[in-house]
Amino acid sequence: MTQPPAVSTPPAPKTRFDVVNTYPGLQSLDFDLPAELEAGQPPEARGLARDQVRLMVSWIADDRIVHTCFRQLPEFLNPGDLLVINTSGTMNAALEATNSAGEQFELHLSTHLPGDLWSVELRQPSPRGSQPYLTAQPEGSYHLPAGGQVELLAPYSMQSATTKAGKAKAVRLWIARLSLPLPFNEYLACYGFPIRYGYVPQAWPNSYYQTVYATLVGSAEMPSAGRAFTPELITRLVAKGVQVAPLLLHTGVASLESHEPPYEEYYRVPAETARLVNAAHAAGKRLIAVGTTVVRALETVTTRDHTAYPGQGWTSMVITPQRGLYAVDGLLTGLHEPKSSHLAMLQALAGVDHLRKTYRQALEHRYLWHEFGDLHLILP
């Protein structure tokens, strides 16, 4: 039997790269996303229940596409299918920050690193929502609410922080140290708020950013492919014979994923989940990942002979058509922005021609993008 993959430790972050230029097949997936298709509020604010968002179901084998409602999901799954979910909960990962001159910023916590350090993103207010602040300096200190502080230690990148001419490069993510007057979770509960971007003009409570099955808070942003599930819908799926298995992957900030891969993220795949994955494969049943985070974690612990192992650590894996997939047969996911690294993963699963057809349909049928938007179920 193939040996299990070694438990990973946090590797050095990769340099930024252009996903489209690295994988030319993605160029044909470039498209214009109209602003009105960016979901600016939760479905509940539009008079819908969580599970009443729209669902596009597509089959890779024959390019068939069905438009329906997420509440009808059980109609498209079979007894014995295995749904794998990410049980990471969403932090209040945004904090107000000021520098010594009194300038206002927003600090986004991304990933909790070893040594009780954090990768963080500093952003400035703007008329179109906060924008990345790319000219911060190392060893800069910023004031947080109630006497908290954050110190920027070094750029979170393998690249030099300066150009050959000695000028400072733009830096988005920093390795930082937090100094807080309260225990971390208590502090975020009191003074933090969910990360949101310009397409969400109104603040919403943290409860709108949680899946119903979240068990351990740790994600900077919601693993949003699972947001539409309700306890009632999960009960219907289980009653039909669909199996559900959990894993954990704490997501970092999504603002990084235009023209660049995700950064290292912490994951944990339990032994029982690995067993269920292998049993589903052995029985010829479909394994459907709920979200790209699940794909990333599962593929990290699955070998080329399609055997999954339990594991935990840090994954820097980027799923591409060149690499392929060893664990996943189908995927429930949101709709992704043009040139996002997620589209490389989707192309590895479904191929560029299928994605071109489905995204054309999503645009024509006015599906909504982002964490409060509609969903796409890709089946073999």
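None of the values given here were measured: they were computed from a predicted structure. (Residues numbered from 1 in each chain as written. Predicted model: local features only at pLDDT ≥ 70, side-chain atom pairs only at ≥ 80, totals over all residues. Heavy atoms only, no water.)

A look at the packing of aromatic side chains
No. 1: Applying the stated rule across the entire model yields 14 aromatic pairs.
No. 2: Three or more aromatic residues joined by ring pairs make a cluster, and in this case those are Phe 31, Tyr 359 and Trp 369.
No. 3: Between Arg 64 and the ring centre of Trp 59, over which it is positioned, the NZ or CZ distance is 3.7 Å. (Phe/Tyr/Trp six-rings, centres within 6.5 Å; stacked < 30°, edge-to-face > 60°. Lys NZ or Arg CZ within 6 Å of the ring centre and 35° of its normal.)

A look at the pairing of strand 17 (residues 330-333)
No. 1: Alternating positions in strand 17 separate into two faces, Gly 330 and Leu 332 on one and Leu 331 and Thr 333 on the other, with burial throughout.
No. 2: Pairing geometry for strand 15 (residues 287-290) and strand 17, over 3 bridges, is parallel. When the sheet's bridge partners are listed, Ala 289 is paired in strand 17 with Leu 331.
No. 3: Inspection of the sheet shows strand 17 paired to strand 18 (residues 375-379) by 3 bridges, in the antiparallel sense. Counted as the bridge partner of Leu 331 is Ile 378 from strand 18. (Buried < 20%, exposed > 50% of the residue type's maximum accessible area, 1.4 Å probe, protein only. Helix = DSSP H or I, 4+ residues; strand = E, 2+ residues; numbered from the N terminus. Pairing = 2+ DSSP bridges.)

Topic: the confidence of the model for the protein chain
Do not read the fine detail of predicted coordinates wherever pLDDT is low.
No. 1: Here the protein chain averages 88 in pLDDT, and 87% of its residues register 70 or above.
No. 2: The low-confidence segment residues 1-18 (pLDDT under 50) makes 47 contacts with residues lying over four places distant or belonging to another chain.
No. 3: Note that pLDDT drops below 50 for residues 158-166; the model gives that stretch 16 contacts with residues more than four away or on any other chain. (pLDDT = per-residue confidence, 0-100. Contact = heavy atoms within 4.5 Å.)

Regarding unusual backbone geometry
It is generally the case that most residues other than glycine have a negative phi and that most peptide bonds are trans.
No. 1: Positioned with a positive phi, Asp 116 is a non-glycine residue whose angle comes to about 60 degrees.
No. 2: Here Asp 116 is to be found in the loop between strand 6 (104-113) and strand 7 (117-124).
No. 3: Positive phi outside glycine occurs at His 306, with the angle close to 70 degrees.
No. 4: Among the structural elements, His 306 can be located in the loop between helix 5 (292-300) and strand 16 (311-315).

Examining the environment of Arg 323
No. 1: Its place among the elements puts Arg 323 in the loop between strand 16 and strand 17.
No. 2: We classify Arg 323 as partly exposed; its relative accessible area is 21%.
No. 3: A sequence separation of 25 residues divides Arg 323 from Ala 348, and the C-alpha atoms of the two residues are 7.6 Å apart.
No. 4: Not counting residues within four places of it along the chain, the set of residues in contact with Arg 323 comprises Glu 299, Thr 302, Met 317 and Val 318.

Thoughts on the sheet that holds strand 1 (residues 54-59)
No. 1: As summarised here, the arrangement of the 9 strands in space is 2-1-18-17-15-3-13-14-16, forming an open sheet in which the pairing is mixed. Of all the strands in the sheet, just strand 2 (65-69) and strand 16 have a single pairing partner and so form its edges. Averaged over all pairs of adjacent strands, the angle between their axes in this sheet comes to 20 degrees, without regard to strand direction.
No. 2: Summarising the sheet, strand 1 and strand 18 pair through 5 bridges and their orientation is parallel. Residue pairing across strands places Trp 59 opposite Leu 379, the latter belonging to strand 18.
No. 3: Running over the sheet, helix 6 (residues 342-350) touches strand 17 and strand 18 and is turned about 145 degrees from strand 17. (Axes fitted to C-alpha atoms, helices over the stretch in contact; angles between N-to-C directions.)

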